[in-house]
Amino acid sequence: AKADIGLTGLAVMGSNLARNMARNGSTVAVHNRTTSKMTDFLDQHGDEGDFVGSESLEDFVASIEKPRAIIVMVKAGAATDAVVDELTPLLDEGDIVVDAGNAHYEDTLRRQQALEEKGLHFVGMGVSGGEVGALEGPSIMVGGSDHAYERLGPIVEKIAAQVDGTPCATHVGPDGAGHFVKMVHNGIEYADMQLIAEAYDLLRSVLGLSPAELAGIFREWNEGELESFLIEMTADVLEHEDAETGKPFVDVVLDQAEQKGTGRWTVQTALELGVPVTGIAEATFARSVSGHAEQRAAAQGKFGAAQTAGVEVDKEQFVSDVRDALYAAKVVAYAQGFDQIVEGSNTHDWDVTPGDMATIWRGGCIIRAKFLDRIREAYEAEPDLTTLMTQDFFADAIEQGEPGWRRVVVAATESGVPVPAFASSLSYFDALRRDRLPAALIQGLRDNFGAHTYQRADKDGTFHTLWAGDKSEVDA
Ligand code: NBP
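Here the structure is a predicted model, which means the values were calculated and not measured.

**Details of the environment of Gly310**
Item 1. Topologically, Gly310 is positioned in the loop between helix H14 (293-303) and helix H15 (315-348).
Item 2. Residue classification places Gly310 among the partly exposed positions, given a relative accessible area of 43%.
Item 3. Once the C-alpha coordinates of Gly310 and Ala411 are considered, the two residues, 101 residues apart in sequence, prove to be 8.7 Å apart.

Okay, structure coming up:
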């Protein structure tokens, strides 16, 4: 009998995905460029399900049921192109190549077009949840044709995480849609982590609490509306002690956050689409700031830490304020991320259903949280929602959190604790609700130096003022 599906690229992610599919009843053809990895895989995991191992790509392709579905799980970039180029001459019309790596969605658009011209289907499949997720149930975002999803859907829906009986996998839309929403998911993850980090820094700096005491606070928060995988993990990390020194783990780790690039892609794409994702952008820049060791050393040498009188706060009130700020700012960051998904979908005609993303992110992925159920409900009630922030549930959360959120940003400023994400999300909220913005002045300046013209609030038309002349207004 032929294999139900093939997978090439048996590093950690590919191996775990192949095992997950086999454990869920699929016969999986497996292949790896370096053959010993394939034979090692079969030695270690061959008894977990039905596998068909092949040394050559030709035998691998021949071992899969038509129309073939072949998952490519190799290093993103040139390696993916190399594997796709080697595979395509071996395939038949209607076969499906699935890139499950972390590809940029524009690469996926390009690859999809190239394969479509050959009568083949290309799927960009975002897989979230890391190594453990790949084995035990990830969140899976599939971008590709209906034909491809009919073939692939039943398999990926089985291996995905399940929440309330619903699989955390869906057909997001055509071509690049899956990798696009996976990218935004990662961007939201950046924002979420930055907000948590700011909350930690504030509580520790202003209240002088120890990491172990802070772990307790995060555990408590995890019992309420902030309940999420990241908050739970925060408590674990804060509680952890370094075996070598006995110090809190967070105090021995170098304070320079690294990045693999998906946050940067999200921000770059948002700039191109014109979507203000201030939370994700601040989070990405904050990692960048942390890595600028020379500038940090120069500023520390010149100014030292901020000299502040310190702020007087009531401990219980402050903890509650920081919790409110975290929740409100998180609503803003998610609202912005969902705006980006809607805008990307409109631009590329993907017809993405935003509520479906909230549904499949409830399990398997890094940002899984109770909160996502509320987002799912919000889009269910109002599919064309303009912004999550004004939907009843989230509007209440923001209104209730607002006083604490403002106090926290004030306290942070007074005590010299950087809170780029807390502060910028508050500014974003204030900007949206303001009846007049100083953008009017910007328009005046642009018209003055560059005759860029402007529109008026009180009548239709496009105008220009003769700034260097008699300052009369003319139709432009
Ligand atoms: P790697 O990204 O380390 O890739 C290793 C695999 O790529 C090996 O199977 C290797 O074959 C193969 N490969 C390379 Br490199 N160049 C090749 C080429 N020219 N032709 C054929 N095969 C080639 O593996 P990973 O960490 O398992 O990640 C796989 C994908 O999943 C990546 O795109 C990653 O971004 C994505 N991802 C990773 C995570 C995670 O948590 N790690 C999460 C979500 C997504 P070899 O054995 O012959 O060298």
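Resuming the write-up.
**Quick word on the packing of aromatic side chains**
Item 1. On inspection of all chains with the given rule, the structure shows 13 aromatic pairs.
Item 2. Measuring from ring centre to ring centre gives 5.0 Å for Phe218 and Trp221, while their planes differ by 65°; the resulting arrangement is edge-to-face. Of this pair, Phe218 and Trp221 are both found in helix H9 (residues 211-221), three residues apart, which corresponds to roughly one turn of the helix. Here Phe218 and Trp221 have matching classes, each one buried.
Item 3. Grouped by ring-pair contacts, the aromatic residues Tyr327, Tyr334, Phe371, Phe393 and Phe394 constitute a single cluster.
Item 4. The lysine or arginine in question, Arg368, covers the ring of Phe229, its NZ or CZ lying 3.7 Å from the ring centre.
Item 5. Lying across the ring of Phe393, Arg374 places its NZ or CZ 5.7 Å from the centre.

**Focus: the UniProt feature "binding site: substrate" (unreviewed entry) in the protein chain**
Item 1. Here, UniProt's "binding site: substrate" (unreviewed entry) annotation points to Asn102, Ser128, Gly129, Gly130, His185, Asn186, Tyr190, Lys260, Arg287, Arg446 and His452. A maximum C-alpha distance of 48.6 Å shows the annotated residues, which cover 351 residues in sequence, to be distributed over more than one spot.
Item 2. Among the structural elements, His185 can be located in helix H8 (residues 177-207).
Item 3. For His185, the residues in contact, after removing those within four places along its chain, are Ser128, Trp361, Cys365, Ile366 and Ile367.
Item 4. Inspection of the secondary structure assignment puts Arg287 in helix H13 (residues 278-291).
Item 5. Within polar-contact distance, the side chain of Arg287 engages the backbone oxygen of Glu258 at 3.0 Å.

Rules used in this analysis
Residues numbered from 1 in each chain as written. Predicted model: local features only at pLDDT ≥ 70, side-chain atom pairs only at ≥ 80, totals over all residues. Heavy atoms only, no water. Helix = DSSP H or I, 4+ residues; strand = E, 2+ residues; numbered from the N terminus. Buried < 20%, exposed > 50% of the residue type's maximum accessible area, 1.4 Å probe, protein only. Phe/Tyr/Trp six-rings, centres within 6.5 Å; stacked < 30°, edge-to-face > 60°. Lys NZ or Arg CZ within 6 Å of the ring centre and 35° of its normal. UniProt positions renumbered as here; feature names shortened; annotations may be inferred. Contact = heavy atoms within 4.5 Å. Polar contact = N/O pair within 3.5 Å; in protein donor to acceptor, adjacent residues only side chain to side chain.

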